[in-house]
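Structural characterization, general
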Amino acid sequence: MREYSGLLTDLYELTMAAGYFQTRFEGRATFELFVRHLPPRRNFLVAAGLEQAIEYLENVRFAQDEIDYLRRHPAFRHIQREFFDYLGQFRFTGDVWAMPEGTLAFPGEPVMRVTAPIIEAQIMETYLLATLSYQTMIASKAARIATVAEGREVVDFSARRAHGGPASLLSARAAAIGGCRGTSNTLAGQLYGIGTYGTQAHSWIMAHESEGEAFSRFLDAFPEGSVLLVDTYNVRRAVKTIVAGGRKPWGIRLDSGDLTADSRWARRELDRAGWKDVKIFASGDLDEYRIQDILKKGAAIDAFGVGTALGTPGDAPHLNLIYKLTEVERGGKVREAAKFSHAKATYPGRKQVFRRANARGDFAGDKIAIEDEPPNGCEPLLIEVMRAGRRTLPAEPVDALRNRCMTNLARLPQRYRQIHRSAVYPVQYSKRLTAMQQEVRRRIRRLAVK
């Protein structure tokens, strides 16, 4: 698959583009990406995926065989050949403002604003929604897991559960933004500078004549940093075997059973042997609810590996991110646009999001406003990331994105960080923006009766 192909979009984006071209509809459009509602029991989102979005916008092209495919497509039977010539020279030339990755976001708030010639902006919709939606979903899940882990390390184990290889890379990246300290995905480690972690599988233990031999051989190969898997047959017998062998590993891993009872027992045995610095690592169908539960019960676990719940979060498997037109400029005249259908109304115009903090520095509420409104002491969240089709900021390392997320979470009041109940963070619309929406509604009604 071509990573930056212009065909990586829904067909109707291309038919609209062809329609704009053929009818000579020339205009500069602004679209914004946001969610109307949060998934169940979610109180916040963690913005992620911006870097891949920028890379795509900078590099998107239509190859000649792709253009030839569209020429033959029945949907374009009556489209002038000049449109296909246009695709041969296609580049994204627009401006983009966005929330930096790792920033907390809430319903209604644009996480990205795209202003470009309308054909360009239209074609970009599908890729931008897919990229930002998926990584934001994963980063938000990771942030919940990291929050309940209370400082203990969380490692992404989702590679084998992700929906294909490319998804596994983006999942590992997004999980790191949301708070995971590392990943099992080796390629993600190389590409994104994420720490990589691994132990051994049960097959390693089963392939040897005895657990003792399996542990000894692994320690021979990896005398430093070995984490030994102790639940293949019997946790307590395995831990006793390791201690009796007298060779201290870096850690042990529990992957099944009663994690609370087994970890507490193992901790006592390891401490009795003088191995207080040996870490206890847990994995096996973990999520934020189970992690919180076992820690409340007193589990002696130092780190967690989370797979399925991170890469394919069953409690919130999708994020309803949308891409809506908010403004069209034609011939020097700006016309704000909004949607007014039931339960799906939107606000017009180019927007900015301002975040207010209280005297302690905690987040106290957000305001969605017209882009040129004064901040009045609040922090503007949307920053310019592209101008005229070229990025204006360098790529940030994943560690910096994770630090931003962790700093944001530390400033979010506790009631919004809890995982079992919904708590609505205060987001309001400015008076000017509300008045603009009302004026657009009146204009549409007037035109409808003519």
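Not measured: the values here are computed from a predicted model.

**A closer look at the overall build of the protein chain**
From N to C terminus, the protein chain includes 17 helices and 19 strands. Projected onto its principal axes, the C-alpha coordinates of the protein chain cover approximately 90 × 55 × 35 Å. When burial is assessed residue by residue, the protein chain has 51% of its 450 residues classed as buried. Long-range pairs, those at least 24 residues apart, make up 74% of the contacts in the protein chain with a sequence separation of at least 6. Of the roughly 21000 Å² that the protein chain leaves accessible, carbon and sulfur atoms contribute 51%.

**Brief notes about the packing of aromatic side chains**
Across all of its chains, the model carries 17 aromatic pairs by this definition. With 5.2 Å between their ring centres and 40 degrees between their planes, Tyr20 and Phe25 make a pair best called tilted. Of the aromatic side chains, those joined through ring pairs into one cluster are Phe21, Phe62, Phe76, Phe83, Phe84, Tyr86 and Phe90. Geometry around Phe21 places Arg24 over its ring, the cationic atom sitting 6.0 Å from the centre.

**Some details on the sheet that holds strand S14 (residues 351–357)**
Strand order across the open sheet formed by four strands is S16-S14-S15-S19, with mixed pairing between neighbours. In the strand order of this sheet, the two ends are held by strand S16 (379–380) and strand S19 (427–429), each with one partner. For S14 and strand S15 (residues 363–370), the ladder comprises seven bridges, and the chain directions are antiparallel. Bridge pairing in S15 places Arg355 opposite Asp366.

**With respect to the packing of helix H6 (residues 125–149) against helix H7 (residues 165–177)**
Between H6 and H7, the least distance of the axes is 8 Å, while the angle of their chain directions is 45 degrees. The angle between H6 and H7 falls in the class oblique. Along this stretch, H6 crosses H7, giving a crossing that reads as right-handed. Here Tyr134, Gln135, Ile138, Ala139 and Ala142 of H6 come into contact with H7, specifically with Ala167, Leu170, Ser171, Arg173, Ala174 and Ala175. Residues that form the contact of H6 with H7 fall into these classes: eight nonpolar, two polar and one charged.

**Considerations on the pairing of strand S17 (residues 383–387)**
The pairing of strand S3 (residues 95–98) with S17 spans three bridges and is classified as antiparallel. Counterpart to Trp97 in the pairing with S17 is Glu384. Bridge count for S17 against strand S18 (residues 390–391) is two bridges, and the pairing is antiparallel. Within S18, the residue paired with Met386 across the bridge is Arg391. Here S17 folds back onto S18 in antiparallel fashion, the turn holding two residues, of which Ala388 has a positive phi close to 55 degrees.

Rules used throughout
Residues numbered from 1 in each chain as written. Predicted model: local features only at pLDDT ≥ 70, side-chain atom pairs only at ≥ 80, totals over all residues. Heavy atoms only, no water. Helix = DSSP H or I, 4+ residues; strand = E, 2+ residues; numbered from the N terminus. Buried < 20%, exposed > 50% of the residue type's maximum accessible area, 1.4 Å probe, protein only. Contact = heavy atoms within 4.5 Å. Areas by Shrake-Rupley, 256 points an atom, 1.4 Å probe, with all protein chains shown as cover. Phe/Tyr/Trp six-rings, centres within 6.5 Å; stacked < 30°, edge-to-face > 60°. Lys NZ or Arg CZ within 6 Å of the ring centre and 35° of its normal. Pairing = 2+ DSSP bridges. Axes fitted to C-alpha atoms, helices over the stretch in contact; angles between N-to-C directions. Parallel < 35°, antiparallel > 145°, perpendicular 65-115°, else oblique. Left-handed = near helix turned anticlockwise from the far one by under 90°. Nonpolar A, V, L, I, M, F, W, Y, C, P; charged D, E, K, R; others polar.

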